[in-house]
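# Tertiary structure, described
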Amino acid sequence: MISEYKVVQSYAKETIEYIKTVIRPGMSLPEVRRLCEEKLKSLGADSFWYYDIGAFVFAGDETTVSVSGREYSTSDRVIGSDDIITIDLSPQVGDTWGDYARTVIVEGGKVIPTVDEIVNDEWRGGLLMEKKLHDKMTQIVSPQMTFEELYYQMNEFIKAEGFINLDFLGNLGHSIVRRKEDRIYIEKGNNTKLGDVSFFTFEPHISVSGSKYGYKMENIYYFEDGVIKEL
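### Focus: the overall build of the protein chain
- A tally of helices and strands in the protein chain yields four helices and 13 strands.
- Each principal axis of the C-alpha atoms in the protein chain carries an extent, and together these give about 50 × 40 × 30 Å.
- Residues counted as buried form 51% of the 231 residues belonging to the protein chain.
- Restricting the contact set of the protein chain to residue pairs at least 6 apart, pairs at least 24 apart contribute 65%.
- A total of about 10,300 Å² of accessible surface is found on the protein chain, and carbon and sulfur atoms cover 47% of it.

This is how it looks when you write it as structure tokens:
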């Protein structure tokens, strides 16, 4: 089962790397979405599990928006020469899911390949915080930790670092299952142990209070012999 999920997740990872090579100023967000979805299908995805949307795309001050797939529509915004874009991908093969999101930075008309090269201090700080959150999560989790415990510990860490959680439900991720309605969330009140699910996402959507910009980084994780692994 792990190998099947790794394949589908690889489609998402490869698509993010691909779109970084083609994003340019003047490109519309619907075009970015179309290119991502076409790439996912060319790699082998046969559908998109999240309300049939393969790529959620936001840019600029839209990056703070948190919305369910039921209400999402891709805006006609055009990418600027200095811009921030979040892309969240949901490929599916049969009933096997991928789930992967990244924030992409454009400066001087070009996608910036590494976080350290980002000139804008605020954007660089947001992406460094995303990496810090994922590192922290992998340090503290265990199969015996509950979804609720992870929710409280990571939200406290987000607050302590001067950031806020933008998610419209306040959660930080969900289980990876075969049907949307079977998902459970990293949220208060969920006392299921992390080790009781096969895979889960960690996808903090964060900002600084009063900022126009939001950041997102999503991976799928699982436990192997009690050790956390990224899919």
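Resuming the write-up.
### Things to note about the pattern of salt bridges
- Counted according to the given criterion, the structure contains 16 salt bridges.
- We note a salt bridge from Glu17 to Lys20, for which the minimum N-O separation is 3.4 Å. Taken together, the residues Glu17 and Lys20, both in helix H1 (residues 2-22) and three residues apart, mark about one turn of the helix.
- The class of Glu17 is partly exposed, set by a relative accessible area of 44%.
- Asp182 is the partner of Arg179 in a salt bridge, and the nearest nitrogen-oxygen pair spans 2.9 Å.
- Residue class for Arg179 comes out partly exposed when judged on its relative accessible area of 46%.

### As for the packing of helix H3 (residues 121-140) against helix H4 (residues 147-160)
- Two numbers describe how H3 lies on H4: the axes approach to 11 Å, and their chain directions differ by 145 degrees. Along this stretch, H3 crosses H4, giving a crossing that reads as right-handed. Where H3 approaches H4, its residues Met129, Lys132, Leu133, Lys136, Met137 and Ile140 are matched on the opposing element by Leu150, Gln153, Met154, Phe157 and Ile158.
- Partitioned by chemical class, the residues of the contact of H3 with H4 number eight nonpolar, one polar and two charged.

### A few points about the packing of aromatic side chains
- Scanning the entire structure with this criterion turns up 13 aromatic pairs.
- With a centroid separation of 4.4 Å and 45 degrees between ring planes, the pair formed by Phe56 and Tyr72 is classed as tilted. Note that Phe56 is positioned in strand S2 (residues 55-59) and Tyr72 in the loop between S2 and strand S3 (83-89), a separation of 16 residues in sequence.
- On the basis of relative accessible area, Phe56 is assigned to the buried category, the value being 6%.
- With relative accessibility at 9%, the residue Tyr72 sits in the buried group.
- Ring centres 6.4 Å apart and planes at 70 degrees place the aromatic pair Phe147 and Phe200 in the edge-to-face group. Residue Phe147 is located in helix H4, and its partner Phe200 is located in strand S9 (residues 200-202); the two are separated by 53 residues in the primary sequence. Each member of the pair Phe147 and Phe200 is classed as buried.
- Just above the ring of Tyr18 sits the side chain of Lys39; from NZ or CZ to the centre is 5.0 Å.
- Over the face of the ring belonging to Tyr51 we find Lys180, whose NZ or CZ atom lies 5.1 Å from the ring centre.

### Looking at the sheet that holds strand S11 (residues 215-216)
- Read across the open sheet, the three strands follow the order S8-S10-S11; overall the sheet is antiparallel. Both edges of this open sheet fall to strand S8 (164-165) and S11, since each of them pairs with a single strand only.
- As paired strands, strand S10 (residues 205-207) and S11 are joined by two bridges and run antiparallel to one another. Following the sheet pairing, Ile206 is matched in S11 by Tyr215.

Thresholds, definitions, all that
Numbers given to residues run from 1 along each chain, matching the order in which its sequence is written. Selection of residues for local features in this predicted model requires a pLDDT of at least 70, selection of side-chain atom pairs for listing and counting requires 80 or more, and totals for whole chains, interfaces and linings are taken over all residues. The basis for every side-chain value is the complete set of non-hydrogen atoms in the structure, without hydrogens or water. Helix numbers and strand numbers start at the N terminus; a helix is a DSSP run of H or I with at least 4 residues, a strand a run of E with at least 2. Classification of residues uses two cut-offs on accessible area relative to the type maximum, computed with a 1.4 Å probe and protein chains only: under 20% is buried, over 50% is exposed, and between them is partly exposed. Two residues form a contact once any of their heavy atoms are found within 4.5 Å. Accessible areas in this description were obtained via Shrake-Rupley with a 1.4 Å probe; residue shielding takes into account the shown protein chains only. Any Lys or Arg side-chain nitrogen found within 4 Å of a carboxyl oxygen on Asp or Glu counts as a salt bridge. Axis definition: a line fitted to C-alpha atoms, limited for helices to the stretch in contact. Angles are taken between N-to-C directions and run from 0 to 180 degrees. Crossings are classed by handedness, with left-handed meaning an anticlockwise turn of the near helix from the far one by less than a right angle and right-handed meaning a clockwise turn. Residues are grouped as follows: nonpolar covers Ala, Val, Leu, Ile, Met, Phe, Trp, Tyr, Cys and Pro; charged covers Asp, Glu, Lys and Arg; every other residue, Gly included, is treated as polar. A pair of aromatic rings is counted whenever rings of Phe, Tyr or Trp (Trp by its six-membered ring) have centres within 6.5 Å, and the orientation is called stacked for planes under 30 degrees apart, edge-to-face for over 60 and tilted otherwise. Distance and angle both matter: a charge sits over a ring if NZ of Lys or CZ of Arg is within 6 Å of the ring centre and within 35 degrees of the ring normal. Two strands are said to pair when DSSP picks up at least two bridges between them.

Interpretation in functional terms is not warranted from these geometric data alone.
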